[in-house]
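Results of the structural survey
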Amino acid sequence: MNNQTLTNSMATEAKELSDLLARKKTDEPKSERLPYSHNRIIFGAPGTGKSHSLEQERENNFADDCYERVTFHPNSSYAQFVGTYKPTMTVKETDSSLTDKQKQILSILKDKNRSGQEKYDLLYDKFRDDSDLTRLPLLIGIYSDDEFRTKKADGSYTANDNGVERNHGRAVRPYINLNLDCVKEEITYEYTPGPFMRIYTAAKQNPSQNFLLLIEEINRANVAAVFGDVFQLLDRDENGNSEYPVAASEDIKKYLDKNGIHEDELKIPSNMYIWATMNSADQGVFPMDTAFKRRWEFEYIGIDENEDKVKDYEIPISATKKVNWNDLRKAINNKLITLGINEDKLLGPFFLSKTVLDSAFNKEMDFVKLFESKVLMYLFEDAAKMKAKQLFNVDERKFIYSEVCKKFEAEGLNVFKFNEDDVVE
């Protein structure tokens, strides 16, 4: 075969292989496209049900083993989110000359959770079969200080307890260096994936299923630092795949290769969704730059959205008085609006959770204290911090939070500077 013929043959084989891979890729089952954006951020005032809304959609569209939830915080990092090398304790076999039976015997002898008698009883049959019962008490004496009874080969108990052999084992313990360990623990460094890489890998391995990475409080972390270079992958094409790939680092390539994914570049597949919640009212949050924002679809939950779910709840404001929670919430919000407070600081219907509302009348005064710590403190310390004196009807000479609570406990809604007629009692 001349060189030209060989070259033509190799080219033909390469084309056939390429066509085969292309057909295989085309034939792979694809996941069903969901009627949601691949990159979503749900935002709104506190208590509008952002997390609850996403959780319901998650339950309806993703299997229980096809999602992961992560909550961002100020110390969140790329290493935690995507992955990094971490020290890992591994077990290494150091003496392969031991038989399986010897290893089993050693594992029983070294078990600190078993008494000396339990060790003897478990090993009795093994040593009886070898006609080696006299050595068993010595071995147990090396590994245990417990007293234990011994048996003869016929199964009956011995007249004495073989204390001589047992005590010999105890006596020689300090002077021997038995190399009987069949395993050794040591620290090695391995690539440990974060939630992003775990979901990415699962989505690549299972193209017929949809996967979700759910991020709570996305703006509580420095997202530019947390996402790092994978930020580029958030640009999606019309099918939901990453439009621009990024080069995979060597440690990521090795990790993906171990999981059957042989790629030099990272591209988020169309069956991987990233949804997040954001509460811009919280203090200490990180601003998002325009480049990051434009890669997401923002969905706002209005301040009164889903209020019908709480419209019939009444809450105690003293041992004898009760009010409609939704009416009280709206009256507070209306007052905040007249004071020029932004909408993202207002109270959503679920600012007090349904669990709290359901148990409101179990112990009325306990609920009053809870209302103070959740609602009054939020209004005093955060929402109306700069205009609290215009919201609360408290003597300005001693305008402190504890006085607001005292006033509420003594006079109920009179602690607020709004028309009580707006609230149903």
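Below you will find a few notes about this structure. (Residues numbered from 1 in each chain as written. Predicted model: local features only at pLDDT ≥ 70, side-chain atom pairs only at ≥ 80, totals over all residues. Heavy atoms only, no water.)

Considering the overall build of the chain
Looking only at helices and strands, one finds 16 helices and eleven strands in the chain. For the chain, with 425 residues in total, the buried portion stands at 41%. Intrachain contacts of the chain at a sequence separation of at least 6 include 74% that bridge at least 24 residues. As displayed, the chain has an accessible area near 23,700 Å², and 48% of this comes from carbon and sulfur atoms. (Helix = DSSP H or I, 4+ residues; strand = E, 2+ residues; numbered from the N terminus. Buried < 20%, exposed > 50% of the residue type's maximum accessible area, 1.4 Å probe, protein only. Contact = heavy atoms within 4.5 Å. Areas by Shrake-Rupley, 256 points an atom, 1.4 Å probe, with all protein chains shown as cover.)

A word on the sheet that holds strand β9 (residues 297-301)
Strand order across the open sheet formed by five strands is β2-β5-β8-β1-β9, with parallel pairing between neighbours. Either end of the sheet is taken by a strand with one partner, and the two such strands are β2 (67-71) and β9. Pairwise comparison of adjacent strand axes, ignoring direction, gives a mean angle of 20 degrees for this sheet. When strand β1 (residues 39-44) meets β9, the two strands line up parallel, connected through five bridges. For Ile42, the partnering residue across the bridge sits in β9 and is Glu299. Docked against the sheet, helix α2 (residues 50-61) engages β1, β2, β5 (211-216), β8 (272-278) and β9, running at close to 160 degrees with respect to β8. Packed onto the sheet, helix α8 (residues 195-205) meets β2, β5 and β8 and runs at close to 165 degrees relative to β5. (Pairing = 2+ DSSP bridges. Axes fitted to C-alpha atoms, helices over the stretch in contact; angles between N-to-C directions.)

Details of the packing of helix α14 (residues 364-383) against helix α16 (residues 401-411)
Here α14 crosses α16 at 135 degrees, and the two axes come no closer than 11 Å. In terms of orientation, α14 lies oblique with respect to α16. The handedness of the crossing between α14 and α16 comes out as right-handed. Between α14 and α16, the residues in contact are Val368, Lys369, Phe371, Glu372, Ser373, Leu376, Met377 and Phe380 and Tyr401, Val404, Cys405, Phe408 and Glu409, respectively. Grouping the amino acids of the contact of α14 with α16 by side-chain chemistry returns nine nonpolar, one polar and three charged. (Parallel < 35°, antiparallel > 145°, perpendicular 65-115°, else oblique. Left-handed = near helix turned anticlockwise from the far one by under 90°. Nonpolar A, V, L, I, M, F, W, Y, C, P; charged D, E, K, R; others polar.)

Section: the side chain of Thr277
Of note, Thr277 is situated in strand β8. Using a relative accessible area of 2% as the deciding quantity, one classes Thr277 as buried. Of the polar contacts made by the side chain of Thr277, one reaches the backbone nitrogen of Glu217; its length is 3.1 Å. Discounting chain neighbours no more than four positions away, the residues touching Thr277 are Ile42, Lys50, Ser51, Leu54, Ile215, Glu216, Glu217 and Ile218. (Polar contact = N/O pair within 3.5 Å; in protein donor to acceptor, adjacent residues only side chain to side chain.)

A short note on the packing of α8 against helix α10 (residues 250-258)
As a packed pair, α8 and α10 sit with axes 11 Å apart at the nearest point and diverge in direction by 40 degrees. One way to sum up the angle between α8 and α10 is to call them oblique. In terms of crossing hand, the pair formed by α8 and α10 is right-handed. Touching Met197, Tyr200 and Thr201 of α8 are Ile252, Tyr255 and Leu256, all from α10. For the contact of α8 with α10, the class distribution of residues is five nonpolar, one polar and no charged.

Here's the deal with unusual backbone geometry
Not every positive phi belongs to a glycine, and Glu217 is a case in point at roughly 55 degrees. Inspection of the secondary structure puts Glu217 in the loop between β5 and α9 (223-227). A relative accessible area of 23% means that Glu217 is categorised as partly exposed. Look at Asn306: it is not a glycine, yet its phi comes out positive at around 65 degrees. With respect to the helices, strands and loops of the structure, Asn306 is situated in the loop between β9 and β10 (314-316). Accessibility expressed as a relative area gives 38% for Asn306, which makes it partly exposed.

Focus: helix α5 (residues 116-129)
Counted at 1.5 Å a residue, the expected span for α5 with its 14 residues is 20 Å, and the 20 Å between its end C-alpha atoms agrees. If you look at α5, its biggest bend is around 45 degrees, right at Leu123. Check the buried side of α5 and you find it contacts α4 (100-109) and α6 (136-143). (Expected span 1.5 Å × (residues − 1). Bend = angle between axes of the 7 residues up to and from the residue.)

Re helix α12 (residues 325-338)
The end-to-end C-alpha separation of α12 is 20 Å, in line with the 20 Å expected for 14 residues at 1.5 Å each. The inward-facing, buried residues of α12 contact β10, β11 (322-324), α13 (354-358), α14 and α15 (388-391). Between the side-chain oxygen at the start of α12 and the backbone nitrogen of Asn326 there is a gap of 3.0 Å, and the oxygen is on Asn324.

Thoughts on the nonpolar core
In terms of nonpolar packing, the biggest core is built from 46 residues, with Leu328, Phe371, Leu379, Phe392 and Phe416 touching the most fellow members. Elements that contribute at least two residues to this core include exactly α12, α13, α14, α15 and α16. Here the element with the most residues in this core is α14; it accounts for nine residues. (Core = buried A, V, L, I, M, F, W, Y, C linked by side-chain atoms within 4.5 Å.)

A look at the pattern of salt bridges
Any two side chains of opposite charge can pair if their charged atoms end up close together. Inspection of every chain in the model, using the stated rule, returns 24 salt bridges. Residue Glu217 pairs with Arg220 through a salt bridge whose shortest N-O separation is 3.7 Å. Judged by its relative accessible area of 26%, Arg220 is partly exposed. Ionic pairing is found between Glu409 and Lys369, a salt bridge with its closest N-O pair at 2.8 Å. Of this pair, Glu409 sits in helix α16 while Lys369 sits in helix α14; the two residues are 40 residues apart in sequence, bridging distant segments of the chain. Residue classification places Glu409 among the partly exposed residues on the basis of a relative accessible area of 34%. Overall, Lys369 belongs to the partly exposed group, its relative accessible area being 46%. Linked by salt bridges that have partners in common, Glu55, Arg58, Asp64, Arg69 and Glu216 make up one network. (Salt bridge = Lys/Arg side-chain N within 4 Å of Asp/Glu carboxyl O.)

Details of the environment of Val356
Following the sequence through the fold, Val356 ends up in helix α13. By relative accessible area, which is 16% here, Val356 ends up buried. If we ignore the near neighbours within four places in the chain, the residues touching Val356 are Phe367 and Leu370.

Honestly, that's just the spatial picture; any functional story needs more than this.
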